[in-house]
Structure formats: C-alpha cells, structure tokens
Amino acid sequence: MSESNGKAAAEVTSISLLKETMKQEEVPHIFVILGASGDLAKKKIYPTLWWLFKDDLLPKNTIFVGYARSVLSISDIKNRSEPYMKVKDGERTKLDEFFKQNRYVKGSYKEEDGFEHLDDVLTAIEDKKKDKPANRLFYLALPPSVFKDVTKHIKAKCMSKRGWTRVIIEKPFGKDSASSADLSNHLSALFTEDQMYRIDHYLGKEMVQNLMILRFGNRIFAPVWNRDNIASVIITFKEPFGTTGRGGYFDEFGIIRDVMQNHLLQILSLFAMEKPGSTDAKDIRDEKVKVLKRIEPLTLDDVVLGQYVGDPDGDVDAKEGYLDDPTVPKGSVTPTFATAVFKIQNERWDGVPFILKCGKALNERKAEVRVQFKDVPGDIFSGNCKRNELVIRVQPGEAVYCKMMTKKPGMSFDVEETELDLTYGSRYKGVSMPDAYERLILDVFCGHQIHFVRSDELAEAWRIFTPLLHKIENDKPKPIEYKYGGRGPAEADELLKKHNFVFTGTYKWAKPAL
C-alpha cells in the first residue's frame, strides 16, 4: 500500500465521520486550549491541531483560541510550538493559514473575569455566522490544582449558547479513590458524562486500538483466549531515560500513578474484557468496567518496587541516579519501577496472572503485551519445545508476532523457535501512523467516546490501587535499587517466575527486511 493510498483511506474515513456527525461543515467550532503557555500545549496540543488542520480533518470553520496567564502573542505561540510540528517543505503556506485561525486571550484561572472576557471573544467569533449552531471544545492542558476553578468558570461563563460544549481533561484524575471521587463529583455537577472526555493518550495508540479487532475479529484467537490455554499475560512499559529535570514533579506521583494505574490498566481491561454487544462506546466501556470489578485491590505482597541508581560505568546521563536529581527530595522512597500481579476472579481468567511492569532508566524503550501460552501436553520432543507467545508491540515499531516452534531447516529433525510476524513497518510500508493525540482529538470533534475514560471505570481503577498507594505512602518501604540502563530489580524476574511466566532467553526476534 502506498503512503498516499493509505493516508487517503484514513482521511476519507475521518472526513465521512465528521460529515455524518456534524452535518454542516460551516458550523463554527472553537477549540480552546487552556494552558496555552505550557509544555503540553506547545509539545502536543498545538502540533496535533496543526496536523489535523493540514490534512483537512477538521471542520472548515474551526478557530483555535489559546488561554493562559502569560502575556503572549500568536507569534510567540508559533515560535514555541513550531519545533514540535514537523513542518515539511511546501507546507509553510498552510502553516500560515493555521496560525491565522488562532487567537489568544490572557486571563486568570481562578478569577471569573478572565472567563467573561474569554466568552466575549468566543461569542464575537461565533456571531459572524449567527444563523448557524456554534460548538465549543475546551482542552484543560493544566495542572490539577486549577481543574475545579477552571471547570466551574467554564460552566458559569463559557458554555455554548447555540451548540454543544465538550471538555477534555488531562490526567492525573486525582491521586487516590477519595480525590478522584471528589473531582468526579465536582465535574458531574457541572457537565453530563457525554460532555466530558477524560483523555488517556495510550488509548489512541494504533496497537491498543487494534486489540479489539485482534480479539473479536479473528476466529483463531477466540477459542484460546482463556485460562485453559494462557499461562500468564505481561503488559510492559519501559523507558531508557530517567526523570532528570522533572524529578520533583514525578516524585509527587511515582511510577504507579504515572503509568500503571492508567495506561497499563487500560490495556489490561481491553485485553481481558468480554465481547461487547457492539462497537458503541457504552457497550465497550460497560465491559471494561465489568472486568475491573473482578480484580481485587493490590497489596505489597503483589508488587516489587524499585528505584534507579547511577551506573558509574555508564554514559553521562546514566551516572546520575534518581536521588542525585536536585529536584527530588532527599531520601525519597518514590518508586521509579514497579511490577505488580493482578488476578481476575471470573470464569474466563480465574488463575491466570496478569503482570503489569513499568519503569524508568531501563535498558530499552518498549511497550508491549506478551501472552504466554501453557506448555503443550504430552511432549514428544524431549523438552525442546518452548512455550508459544503472542506479542503485541505498542511501541516502538508496531507489530504483532507469534512465537512458535518449527522444524529447523536442513537434514536434521531438530526443533527451533521462530515467529509468524506482522511488523507494520514491513507490511504497511510507507503508511504514516497518526499520533495518538490526533486520533483522540478528532474523536472529540466527532463525539466518539470509545477511547476515553468513563467515571465508573476511573473509580474502579482507583479502588484497585488506592490501598497499595496508601500503604506505600504510610509505611514508606525502601524500593530495591537497580542500575540505570539495566532490566530492573532481579526480584521482579523472580515474581514473574513465581506467577507462571517462563523466561528461557533462547528466542531472538529477527527484524524483517524493510
């Protein structure tokens, strides 16, 4: 498939969704970026809006309005965000058009006056087409400390008078069950569930979205997707860098809140849920909630916690451990690595360990789901057959491959490990994968909530993790040290072994020729 054909197909699908949902392309849509001066806005939100704009995936009459406390011009916003926009040769004219559609409003997050002024600006934009409905989208690219004030002011002063209003909320959605419930109660008093979009960018990744089709669109997987055939499931997130420069922020949350409670648990729920009645958002999210309800809260016995230290023999970055970061409180016991074992108490998964593993300053960048199947009964090959594995690689280099046994080529009758391999870079050569934020922001325009987190789903996630998080904060167990650039604590491997994951180290994935 050529790049142009693949991209064209994606655009036709997206545009048809927009036309079906919005009916009139001339309806004014205003996308408000609250926190326009921040890192998230310049690195992700403005670049994403630019990519959607240049590919003509947004309604034609869309205006972008930044809002922050800083004194900024549109030129300032352009200079800040352009390095992250990946502007190609020949796109300069289109980029100028994009920024002509931008406005900026300076105002306070805590005071109502700023939102009254913002509403005046939005109304003036909409009044150019008074005979049309007018829709507003608000993206809260803000710290959680101002969520309540900002959403209260949006409700009081900035709701659309002639169309719909949608509010996109970035994680963290609280720090535990109580704070999450407090925020959810606050938001539910202001907005209906269909007006709220709690964004977890991992739900926009290609292979995470592909889980649904792999599971429910292939007859070969359905009969083996259960406790009779699967020995264990490992969902892994690894980063090869530490927290230098943002250690103070990270220390407030730790690796469990940063990655495991949201990204990895979302993948688990999609992997383990029962088949929904349809691809409707409600049906899918209902099934995710059902499976989360069958998971018992974690305890310290279920986890291995680690914290990276510097490697004297490593490169410059690797020499600095977590506690060497001047922004990290002295003596912090915040984990930068965690492996946790989950048990799902239902008929399909009873007895199958689901292992979530995540960490910083590890040996590679990787996110994947690894399904290890049980040993073949009645072995006739003298123990030389290794377990089959199905691997869904989320990043980098999207792929689905199945580790299997085959006869070694040649005159012998020996067995060896190989794979059935779907590597996207090879099979879909030249097809450009959209960024996760592109998918999700486009979904908000379309009103599709499949890939966003519902309030009851969030409550169940916090129910599972809150006892463990409180135990860590109260007892302050010392995390196990591991070297920057390593695989993490050896105790994590022991935990995997204890819960029916067999690592042989004999299989090597061969990257296909592109």
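The structure under discussion appears in the preceding block.
An account of the accompanying structure is given in this report. Predicted model, so just to flag it, every value in this text is computed and none were measured.

**A few points about the overall build of the protein chain**
When its secondary structure is counted, the protein chain shows 14 helices and 15 strands. Scaling as 2.2 N^0.38, a compact globule of 514 residues should have a C-alpha radius of gyration of about 24 Å, and the protein chain matches this with 24 Å. With respect to the three principal axes, the spread of C-alpha positions in the protein chain is 80 × 55 × 45 Å. With 514 residues in all, the protein chain has 51% of them scored as buried. By sequence separation, contacts in the protein chain at least 24 residues apart represent 78% of the contacts at least 6 residues apart. Total accessible area on the protein chain stands at roughly 23500 Å², and carbon and sulfur atoms take up 51% of it. Within the protein chain, the 76 negative side-chain charges are centred at a point lying 2 Å from the centre of the 78 positive side-chain charges.

**Topic: the packing of helix 8 (residues 206-216) against helix 9 (residues 247-272)**
The contact between helix 8 and helix 9 brings their axes to 9 Å, and the two run at 10 degrees. With respect to each other, helix 8 and helix 9 are oriented roughly parallel. Judged by the sense of rotation from one axis to the other, the crossing of helix 8 with helix 9 is right-handed. From helix 8, Val208, Leu211, Met212 and Arg215 reach across to helix 9, where they touch Ile267, Leu270, Phe271 and Ala272.

**Some points on the side chain of Gln261**
Along the polypeptide, Gln261 turns up in helix 9. If we ignore the near neighbours within four places in the chain, the residues touching Gln261 are Ile256, Leu458, Ala461, Trp462 and Phe465.

**Regarding the nonpolar core**
In this structure, Phe31, Leu34, Leu118, Ile154, Ile256, Phe342 and Phe354 are the most contacted members of the largest nonpolar core, which totals 141 residues. Broken down by element, this core gets its largest block of residues, 12 residues, from helix 9. For Leu118, the contacting residues outside a window of four places in its chain are Val32, Val65, Tyr67, Val105, Phe138 and Cys158.

**Looking at unusual backbone geometry**
Between Gln395 and the following residue, Pro396, the backbone shows a cis peptide bond with an omega angle of -15 degrees. Although it is not a glycine, Asp56 adopts a positive phi angle of roughly 55 degrees. Examined against the element boundaries, Asp56 turns out to sit in the loop between helix 2 (39-54) and strand 2 (62-68). On the accessibility criterion, Asp56 (47% relative accessible area) is partly exposed. Even without being a glycine, Lys476 presents a positive backbone phi close to 50 degrees.

**Section: the pairing of strand 7 (residues 230-238)**
Taken across its nine residues, strand 7 has nine buried, putting it largely inside the fold. Of the pairings in the sheet, the one linking strand 7 to strand 11 (residues 366-373) comprises eight bridges and is antiparallel in character. Residue pairing across strands places Lys238 opposite Lys366, the latter belonging to strand 11. With six bridges connecting them, strand 7 and strand 10 (residues 353-359) associate as parallel partners. Following the sheet pairing, Ile234 is matched in strand 10 by Ile355.

**Topic: the pattern of salt bridges**
The full count for this structure, using the stated rule, is 36 salt bridges. With a shortest N-O distance of 3.5 Å, Asp39 and Lys42 are connected by a salt bridge. Taken together, the positions of Asp39 and Lys42, both in helix 2 and three residues apart, correspond to about one turn of that helix. In this structure, Asp127 and Arg162 form a salt bridge, with 3.6 Å as the shortest nitrogen-oxygen distance.

**As for the sheet that holds strand 15 (residues 480-483)**
Pairing between sheet strands relies on hydrogen bonds along the backbone, with the strands arranged either parallel or antiparallel. If you trace the nine strands from one edge of the open sheet to the other, you get 14-13-12-11-7-10-9-8-15, paired in mixed fashion. The open sheet terminates on both sides in strands that have one partner only, identified here as strand 14 (415-423) and strand 15. The mean angle between the axes of side-by-side strands here comes to 20 degrees, regardless of whether they run parallel or antiparallel. Relative to strand 9 (residues 337-343), strand 8 (residues 303-309) is paired through four bridges, and the arrangement is antiparallel. Bridge pairing in strand 9 places Val303 opposite Ala340.

**Remarks on helix 6 (residues 147-158)**
Every buried residue of helix 6 is listed here: Phe147, Asp149, Val150, Thr151, His153, Ile154 and Cys158. On its buried side, helix 6 packs onto strand 1 (29-34), helix 5 (112-126), strand 4 (135-140), strand 5 (165-170) and helix 7 (177-190).

**Some details on the environment of Leu34**
Tracing the sequence through the fold places Leu34 in strand 1. Considering only alpha carbons, one finds Leu34 and Val65, 31 residues apart in sequence, at a separation of 8.5 Å.

**Structural notes on the sheet that holds strand 1**
Strand order in the open sheet formed by six strands is 3-2-1-4-5-6, with parallel pairing between adjacent strands. Sheet topology places strand 3 (102-106) and strand 6 (196-199) at the edges, where each strand pairs with a single neighbour. Within this sheet the neighbouring strands show an average axis-to-axis angle of 20 degrees, counted without direction. Two strands pair when backbone bridges link them, and strand 5 and strand 6 are joined in this way by four bridges, in the parallel orientation. Across the sheet, Val167 pairs through a bridge with Met196, a residue of strand 6. Across the face of the sheet, helix 5 comes into contact with strand 1, strand 2, strand 3 and strand 4 while running at roughly 165 degrees to strand 2. The strands that helix 6 touches are strand 1, strand 4 and strand 5; relative to strand 4, the one it contacts most, it runs at about 170 degrees.

Thresholds, definitions, all that
Residues numbered from 1 in each chain as written. Predicted model: local features only at pLDDT ≥ 70, side-chain atom pairs only at ≥ 80, totals over all residues. Heavy atoms only, no water. Helix = DSSP H or I, 4+ residues; strand = E, 2+ residues; numbered from the N terminus. Rg over C-alpha atoms; globule rule 2.2 N^0.38 Å. Buried < 20%, exposed > 50% of the residue type's maximum accessible area, 1.4 Å probe, protein only. Contact = heavy atoms within 4.5 Å. Areas by Shrake-Rupley, 256 points an atom, 1.4 Å probe, with all protein chains shown as cover. Lys, Arg positive; Asp, Glu negative; His and termini not counted. Charge placed at Lys NZ, Arg CZ, Asp CG, Glu CD. Axes fitted to C-alpha atoms, helices over the stretch in contact; angles between N-to-C directions. Parallel < 35°, antiparallel > 145°, perpendicular 65-115°, else oblique. Left-handed = near helix turned anticlockwise from the far one by under 90°. Core = buried A, V, L, I, M, F, W, Y, C linked by side-chain atoms within 4.5 Å. Pairing = 2+ DSSP bridges. Salt bridge = Lys/Arg side-chain N within 4 Å of Asp/Glu carboxyl O.

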